[in-house]
Amino acid sequence: MQSPLPIRLKNARKLANMTQEQLSIKLGFDRSHGTARISQYETGKHAPDYSMAKRMADVLGVPVAYLYCDDEALADMILAAGKLM
C-alpha cells in the first residue's frame, strides 16, 4: 500500500494557498534545495520523518493525522475537527 502522505501534503498546501517555495521557506529550508525537497515529498520519492511531517502540518494548519489518513471521508472529518480546535 502506498502512503497517503504525498497526496495529503499537496492537498493541504493548496488549501493553505501556498506554493512549494513558500512552504519550504516557512519550514526554514535552504532556498536552493527547499522546493525540490517539498516536491520529492509530494511525489513520494522521499518521505519525511514524523517530526518533519508535524512541522509541515503545523505550518499548513492541519492536524498531522490528516497527512497519514488513507480514507477520504475520515480525512475530511479530521480536517473539520482540526478547525474546531
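Note on numbering: residues in each chain are counted from 1, in written sequence order. Local features are withheld for residues below a pLDDT of 70 in this predicted model, meaning they are given only at 70 or higher, and side-chain atom pairs are given and counted only at 80 or more; totals for whole chains, interfaces and linings count all residues. With hydrogens and water stripped out, all remaining heavy atoms of the structure feed into the side-chain values.

Got a sec to walk through the packing of aromatic side chains? Specific residues and values, please.
Between rings of Phe, Tyr and Trp, where Trp is taken as its six-membered ring, a pair exists when centres lie within 6.5 Å; planes separated by under 30 degrees are stacked, by over 60 edge-to-face, and by other angles tilted. Scanning the model with the defined rule gives one aromatic pair in all. Measuring from ring centre to ring centre gives 6.4 Å for tyrosine 50 and tyrosine 68, while their planes differ by 20°; the resulting arrangement is stacked. With tyrosine 50 in helix 4 (residues 50-60) and tyrosine 68 in helix 5 (residues 64-68), this residue pair connects regions lying 18 residues apart in the sequence. Throughout, exposure labels follow a simple rule: accessible area from a 1.4 Å probe, protein chains only, divided by the maximum for the residue type, with under 20% read as buried, over 50% as exposed, and the rest as partly exposed. The exposure class of tyrosine 68 is partly exposed, given its relative accessible area of 35%. Its end group placed over the ring of tyrosine 66, arginine 8 keeps NZ or CZ at 5.5 Å from the ring centre. A helix here means a DSSP run of H or I that spans at least four residues, while a strand means a run of E at least two residues long, and both kinds are numbered starting from the N terminus. For a ring to carry a charge above it, either NZ of a lysine or CZ of an arginine must fall within 6 Å of the ring centroid while also lying within 35 degrees of the normal to the ring plane.

Can you break down the packing of helix 1 (residues 5-15) against helix 4 residue by residue, with the values?
Only C-alpha atoms enter the line fits that serve as axes; for helices the fit covers just the stretch in contact. Angles between N-to-C directions range over 0 to 180 degrees. Put simply, helix 1 and helix 4 touch, their axes get as near as 10 Å, and they point 25° apart. The angle between the axes of helix 1 and helix 4 places the two elements in the roughly parallel class. For the pair helix 1 and helix 4, the sense of crossing is left-handed. Along the contact surface, helix 1 presents Leu5, Leu9, Ala12 and Arg13, while helix 4 presents Ala53, Met56 and Leu60. Polar here means any residue outside two lists: the nonpolar Ala, Val, Leu, Ile, Met, Phe, Trp, Tyr, Cys and Pro, and the charged Asp, Glu, Lys and Arg; Gly therefore counts as polar. Residues that form the contact of helix 1 with helix 4 fall into these classes: six nonpolar, no polar and one charged. Angular relationships are summarised with four words: roughly parallel below 35 degrees, roughly antiparallel beyond 145, roughly perpendicular across 65 to 115, and oblique for the angles in between. By convention, the crossing between two helices is left-handed when the near helix turns anticlockwise from the far helix through less than a right angle, and right-handed when the turn is clockwise. In this description, contact between two residues means that some pair of their heavy atoms is separated by no more than 4.5 Å.

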